Amino acid sequence: MSWITGPLVAFDLETTGTDVETDRIVTAAVVRLEPDGAVAAEWNWLLDPGVAIPAQASAIHGISTDHARAHGVRAPSAVEEIARTVAEVLEAGTPLVVMNARYDLSLLDRECRRHGLASVGERLGGEPSPVIDPLVIDKHVDKYRKGTRALHALCAHYGVPLDDAHNARADAVAAARVVRRMGEKHQPVGSMSLPDLHDLQVRAAAGQSASLQAYLRRTTNPSAVVEQAWPVIPRSRRPGATG
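Below you will find a few notes about this structure.

Definitions and cut-offs
Residues numbered from 1 in each chain as written. Predicted model: local features only at pLDDT ≥ 70, side-chain atom pairs only at ≥ 80, totals over all residues. Heavy atoms only, no water. Pairing = 2+ DSSP bridges. Helix = DSSP H or I, 4+ residues; strand = E, 2+ residues; numbered from the N terminus. Contact = heavy atoms within 4.5 Å. Axes fitted to C-alpha atoms, helices over the stretch in contact; angles between N-to-C directions. Buried < 20%, exposed > 50% of the residue type's maximum accessible area, 1.4 Å probe, protein only.

**Topic: the sheet that holds strand E6 (residues 131-132)**
Argument step 1. Pairing is mixed in the open sheet, where six strands are placed in the order E4-E3-E2-E1-E5-E6. Lying at the two open borders of the sheet, with one neighbouring strand each, are strand E4 (73-74) and E6.
Argument step 2. Here strand E5 (residues 96-97) pairs with E6 via two bridges, running parallel. Residue pairing for E6: valine 97 is matched across the bridge by isoleucine 132.
Argument step 3. Running over the sheet, helix H3 (residues 75-91) touches strand E1 (8-15), strand E2 (25-33), strand E3 (39-48), E4 and E5 and is turned about 155° from E3.

Here it is as structure tokens:
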């Protein structure tokens with residue numbers, strides 16, 4: 001049975017910024033979708049991240065520092081629940097859909113470290129798997145298409161509605177529906193076993209990172225370092241990094 005004909009569980013975060021080493025989770029969602037795309041179950045979290053939420057981030061996801069402090073759950077307990085829920089999904093063998101998994105799963109890893117909690121990988125005894133990343137797959141199957149690969153663009157390209165963008169639940173649902181459409185449209189990917197699909201993405205993500213690194217060297221930022229690991233970036237020891 002192809003993975004596109006079974007249930008999918010999607011995971012998404014909204015955060016204080018874009019640095020996996022220093023930024024924090026503000027909202028999170030884990031949503032289970034049935035083969036017809038209907039939502040069967042969901043888990044949602046609003047956190048008090050323990051730091052001020054920058055105005056730029058609030059403008060994107062709509063959560064202010066005051067709102068998070070008044071209504072959010074303390075970060076350590078929420079991060080524990082999120083990591084446990086994600087690990088349970090993967091332990092059961094259900095594919096976890098994560099748009100730009102390298103970001104969301106790495107940031108969750110750093111939050112676990114920050115709060116002295118077991119990471120998803122530590123709970124599983126290995127790298128999170130099986131993970132399905134619409135961003136990596138789309139770049140692999142449609143390498144030369146021009147334009148952005150942001151979630152809203154993928155939704156438009158594959159004909160998937162996206163209501164309330166940058167809401168963790170809405171983004172998670174849209175990512176799962178998009179990746180199922182990808183699998184239906186691109187049969188070599190849709191017919192792969194989950195282990196083979198996961199391995200394909202590891203290789204594809206590394207190649208995509210290498211291509212971006214080469215591009216940056218030729219253009220405006222030759223000193224930039226682009227991470228190649230997927231789906232979790234190895235923990236950093238640079239100044240300011242978690243832990």
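**A short note on unusual backbone geometry**
Argument step 1. Omega for the bond connecting serine 129 with proline 130 falls within 30 degrees of zero, at 0°, which places this linkage in the cis form.
Argument step 2. Relative to the assigned elements, proline 130 resides in the loop between helix H5 (120-124) and E6.
Argument step 3. Residues tryptophan 230 and proline 231 are joined by a peptide bond in cis, for which omega reads 5°.
Argument step 4. Mapped onto the elements, proline 231 comes out in the segment after helix H10 (194-218).
Argument step 5. Of note in this structure, aspartate 164 is not a glycine but carries a positive phi near 65°.
Argument step 6. Tracing the chain through its elements places aspartate 164 in the loop between helix H7 (151-158) and helix H8 (168-185).
Argument step 7. We classify aspartate 164 as exposed; its relative accessible area is 54%.
Argument step 8. Within the chain, histidine 166 stands out as a residue other than glycine whose phi angle is a positive 70°.
Argument step 9. Looking at the element boundaries, histidine 166 is found in the loop between H7 and H8.

The values are spatial; any link to function lies outside them.
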